[in-house]
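For reference, the chains in residue letters:
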Amino acid sequence: IYQIEYYQEAIFIMKEQVIELIAAAADLDMETVTGILEIPPRADMGDYAFPCFQLAKSLHKAPPLIAADIAEKINKTDIIDKLEVKGAYLNFFLKKEMLVKTMVENASIPNFGTSTLGNGKTICIDYSSPNVAKNFHVGHLRTTIIGNSLYKIYSKLGYQVERINHLGDWGTQFGKLIVAYKAWGNKEAVEKDGVAELMRLYVKFHEEAEKDDSLNDQARDWFTQMEKGNEEALSIWQWFVDISLKEYKGTYALLGMEFDHYLGESFYRDKTADVVKRLQDANLLRESQGAQIVDLEEYNMAPCLIMKKDGSSIYATRDLAAIFYRKATWNFDKCLYVTGQEQKLHFAQVFKVVELLGNEWAKDSLVHIPYGLVSLEGAKLSTRSGNIIYAEDILLEAIDKVKQIILTKNPDLEDKDETAKMVGVGAIIFHDLYNQRIKDVSFKWDKVLNFDGETGPYVQYTYCRCASILRTVSYNENAAIDYNQLLDEEAISLLKEINRFPQVVLDAAEKYEPSVVARFAMDVAQAFSRFYNACRVNVEDESTRNARVKLVSLTKTTLRDALDLLGIRCPEQM
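Quantities reported herein were computed from a predicted structural model and do not represent experimental measurements.

Chemist: For this particular structure, what's the right way to read the overall build of the protein chain?
Modeler: Looking only at helices and strands, the protein chain features 23 helices and 14 strands. Along the three orthogonal principal directions, the C-alpha set of the protein chain runs to about 85 × 65 × 40 Å. Within the protein chain, residue pairs in contact and separated by at least 24 positions form 73% of the contacts whose partners lie at least 6 positions apart. Carbon and sulfur atoms form 45% of the exposed surface of the protein chain, whose accessible area is close to 26700 Å². Charge separation in the protein chain, taken as the distance between the mean sites of 67 positive and 84 negative side-chain charges, equals 1 Å.

Below you can see the structure in the form of structure tokens.
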């Protein structure tokens, strides 16, 4: 029996009994009752509510009368404290001590929230994937942060996850770079300034190509030479890749992220011929203005370009090769692509071509996970306009800003640098993931680093407050919990939030939506704040103190595990 099943049996065993009671009293099947039963928005409205609107037509009665009739026929059991008819609603109030006992025991399960749901299944996630020789800017952070969180979420559910960085390391742009390097660059400048110098050369090429179009022909020729295996071309290209990857890995290290595979577009350059042959054998290739395409007009899509007129491959060809390679290598159950929503059509075309080749699994297994744009104080990021922040710069600036706050507010804190790193990086990640991924994100420093608002530092601070209580309050870790000491409304509300965790993980995975976890972490932090303000922990009565410390401990563990799913670490002190 896996964790999520245990969770459902433990926390919903009382719900099942409520459903049975209603079904018997109203002469309904349990499935119908389950579909109608609700969880009220406020504690004073009960633990469960049964609205009777749907029964009015079949029973020929007003909903309030139906609710009253059902209430009369229900025999109170050892789980129900009271029944209350409010208009068309029949509200159920469970016996608090039993509810609290069930929730505390449930949340105390080791590795609460994990499951074996994904055991024996593999998910490939294609994310981050920056274009080599270009700066890794804050816009690239979205795919990296979202992809990393999805990796952690699916891993918690028992899946084998392959983290793939599909680097943009092949294409005509490298022909342009080679032309620019040979005309206006030198080895010393590239070695010294790395990607910044490569970007300078790339911009220089476009400036000069506007005046001399023959440069574009030279660039295409150099890329064709790369595809044919020209040693000089490949040597320069590989040098550019190595320099870029070194810088990217520095950013990943700041984020605390790793990849299982760096398999860029170039990895598939000797595999595109097989794609072309498959398409030819399936009679799917058509010639269009000298290029080779797959016509998708029947599916209301533009044609998918497979091969340019000069015979070179294009990114769609390499994406197709990548899909077939991943399926053959890992036999994935799903392959997820975390990229901007502007690539929606591209992936729709590629996935349809895979399907047209007779692969029915493409319909359910290939998933594009789009996300919105990042703006700076409301202005769209643009390399050409100069309105851009590089990822490493923004992370280092966040760390430095937190360090200054620490020096001002808590100068005696140990491990200032490590704490600043956790909080600064965590603030960037949380700010991104707190939004639904499809929504655009506006980056504002005062909002990102706020310790009071709905931010990462606020949740981390709540974790630290829990840690401080556990360090300073005397309690008996092995004492039996007196559940009567946790019957306060704030304690029960906090326990209800904590007990949502396994379902939250499932929902986040099902929706490909890390924001579900981020908002859960915030809900727990805010519920803890209400509990902490209403229920003093360090009281004289040992029974009360032990029970409340237990709830603090459960909160601390839950916040740590939830933030970990977002890729955020928690310091013990702030």
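Chemist: How do you make sense of helix 17 (residues 416–433) when you look at a structure like this?
Modeler: Residue pairs three or four apart in sequence face the same way in an α-helix, which turns once every 3.6 residues. In this model, helix 17 (18 residues) spans 25 Å end to end at C-alpha, consistent with the 26 Å of a helix rising 1.5 Å per residue. For helix 17, the tally of buried residues reaches 14 of 18 residues, placing the bulk of the element in the interior.

Chemist: How should the environment of V473 be read in this particular structure?
Modeler: Along the chain, V473 turns up in the loop between helix 19 (456–472) and helix 20 (489–498). Classification of V473 by relative accessible area gives buried; the value is 8%. If sequence neighbours within four positions are ignored, V473 has contacts with N538, R545 and V549.

Chemist: Please clarify how the pattern of salt bridges should be interpreted in this entry.
Modeler: Two side chains that carry opposite charge are able to pair once their charged atoms sit near each other. Under the definition given, this model contains 30 salt bridges. Across the pair E355 and K363 runs a salt bridge whose closest N-O atoms are separated by 3.9 Å. A cluster of three or more residues bridged by salt bridges with shared partners is formed by K352, E355, E360 and K363.

Chemist: Is there a simple way to think about the side chain of T455 in this case?
Modeler: Counting through the fold element by element, T455 comes out in the loop between helix 18 (445–448) and helix 19. In this structure, T455 is in contact with F430, K447, V448, N450 and M522, ignoring residues within four places of it in sequence.

Chemist: Mind showing me how you'd approach the packing of aromatic side chains here?
Modeler: Aromatic ring pairs are reported here in terms of the distance separating the ring centres and the angle at which the planes meet. Under the counting rule described, the total for this entry stands at 25 aromatic pairs. Here the aromatic rings of Y154 and Y159 are separated by 5.4 Å at their centres, their planes lie at 85 degrees, and the arrangement is edge-to-face. Judged by relative accessible area, Y159 falls into the buried class, the value being 18%. Taken together, the ring pairs connect Y127, F136, Y248, Y252, F259 and Y262 into an aromatic cluster. If you follow K82 out to its NZ or CZ, it ends over the ring of F93, 4.5 Å from the centre. Cation over ring: K249 sits above Y262, and NZ or CZ is 4.9 Å from the ring centre.

Chemist: When you look at the packing of helix 21 (residues 501–511) against helix 22 (residues 515–534) in this model, what are you seeing that I'm missing?
Modeler: To describe two helices that pack against each other, one gives the angle between their axes and the distance between the axes. It is the contact of helix 21 with helix 22, at a shortest axis distance of 8 Å, that shows an interaxial angle of 155 degrees. When the axes of helix 21 and helix 22 are compared, the pair comes out roughly antiparallel. Contacts between helix 21 and helix 22 pair F501, V504, D507 and A508 from the former with V516, V517 and F520 from the latter. Within the contact of helix 21 with helix 22, the residues separate by chemical class into six nonpolar, no polar and one charged.

Chemist: Would you mind showing me how to read helix 19 here?
Modeler: With 17 residues, helix 19 should cover 24 Å at 1.5 Å per step; its first-to-last C-alpha distance of 24 Å lies within 8% of that length. In terms of burial, helix 19 is a largely internal element, twelve of the 17 residues being buried. All of the buried residues in helix 19 are G456, P457, Y458, V459, Q460, T462, Y463, C464, C466, A467, I469 and L470. Along its buried surface, helix 19 packs onto helix 17, helix 18, helix 22 and helix 23 (542–566).

Chemist: Which parts of the structure should I look at to understand the sheet that holds strand 10 (residues 334–340)?
Modeler: Picture the strands of a sheet paired through backbone hydrogen bonds; they go either parallel or antiparallel. Spatially, the five strands line up as an open sheet ordered 6-5-4-10-11, and their pairing is parallel. The outermost strands of the open sheet, each flanked by one partner alone, are strand 6 (261–262) and strand 11 (366–371). For strand 10 and strand 11, the ladder comprises six bridges, and the chain directions are parallel. Residue Y337 lies in a different strand from strand 11, and its bridge partner there is H368.

Chemist: I tried to follow the sheet that holds strand 9 (residues 304–307) on my own but got confused; where do I start?
Modeler: The sheet built from three strands is open, its strands ordered 7-8-9 with antiparallel pairing. Both outer strands of the open sheet, strand 7 (285–288) and strand 9, are each paired with one neighbouring strand and no more. When the angles between neighbouring strand axes are averaged without regard to direction, this sheet yields 45 degrees.

Chemist: What is the right way to look at the environment of M45 in this model?
Modeler: Structurally, M45 is set in the loop between helix 2 (30–36) and strand 1 (48–51). Assessed through its relative accessible area of 27%, M45 is described here as partly exposed. Sequence separation of M45 and I164 is 119 residues, and the distance between their C-alpha atoms is 48 Å. M45 has contacts with P40, N91 and F93, leaving out every residue within four places of it along the chain.

Chemist: What is the right way to read the nonpolar core from this model?
Modeler: Nonpolar side chains tend to gather and get buried jointly when the protein is soluble and globular. One finds F50 and I70 to be the most contacted residues of the largest nonpolar core, which totals 155 residues. Here this core takes 13 residues from helix 11 (residues 231–255), the largest share from any one element. Contact partners of I70, with chain neighbours within four places excluded, come to A25, A26, F50, C52, L55 and L90.

Chemist: Where do I start with the confidence of the model for the protein chain in this structure?
Modeler: In regions of low pLDDT, the predicted coordinates are not meant to be interpreted in detail. Looking at the protein chain as a whole, its pLDDT mean stands at 92, while 95% of the residues score no less than 70. A low-confidence stretch, residues 1–10 (pLDDT under 50), is modelled with 30 contacts involving residues beyond four sequence positions or located in other chains.

Chemist: What is the right way to look at the pairing of strand 11 in this model?
Modeler: In regular strands, side chains alternate between the two faces of the sheet. Burial analysis of strand 11 places six of its six residues in the buried class, which makes it a mostly covered element. Burial along strand 11 is two-sided: L366, H368 and P370 facing one way and V367, I369 and Y371 facing the other are all buried.

Scoring rules and cut-offs
Residues numbered from 1 in each chain as written. Predicted model: local features only at pLDDT ≥ 70, side-chain atom pairs only at ≥ 80, totals over all residues. Heavy atoms only, no water. Helix = DSSP H or I, 4+ residues; strand = E, 2+ residues; numbered from the N terminus. Contact = heavy atoms within 4.5 Å. Areas by Shrake-Rupley, 256 points an atom, 1.4 Å probe, with all protein chains shown as cover. Lys, Arg positive; Asp, Glu negative; His and termini not counted. Charge placed at Lys NZ, Arg CZ, Asp CG, Glu CD. Expected span 1.5 Å × (residues − 1). Buried < 20%, exposed > 50% of the residue type's maximum accessible area, 1.4 Å probe, protein only. Salt bridge = Lys/Arg side-chain N within 4 Å of Asp/Glu carboxyl O. Phe/Tyr/Trp six-rings, centres within 6.5 Å; stacked < 30°, edge-to-face > 60°. Lys NZ or Arg CZ within 6 Å of the ring centre and 35° of its normal. Axes fitted to C-alpha atoms, helices over the stretch in contact; angles between N-to-C directions. Parallel < 35°, antiparallel > 145°, perpendicular 65-115°, else oblique. Nonpolar A, V, L, I, M, F, W, Y, C, P; charged D, E, K, R; others polar. Pairing = 2+ DSSP bridges. Core = buried A, V, L, I, M, F, W, Y, C linked by side-chain atoms within 4.5 Å. pLDDT = per-residue confidence, 0-100.

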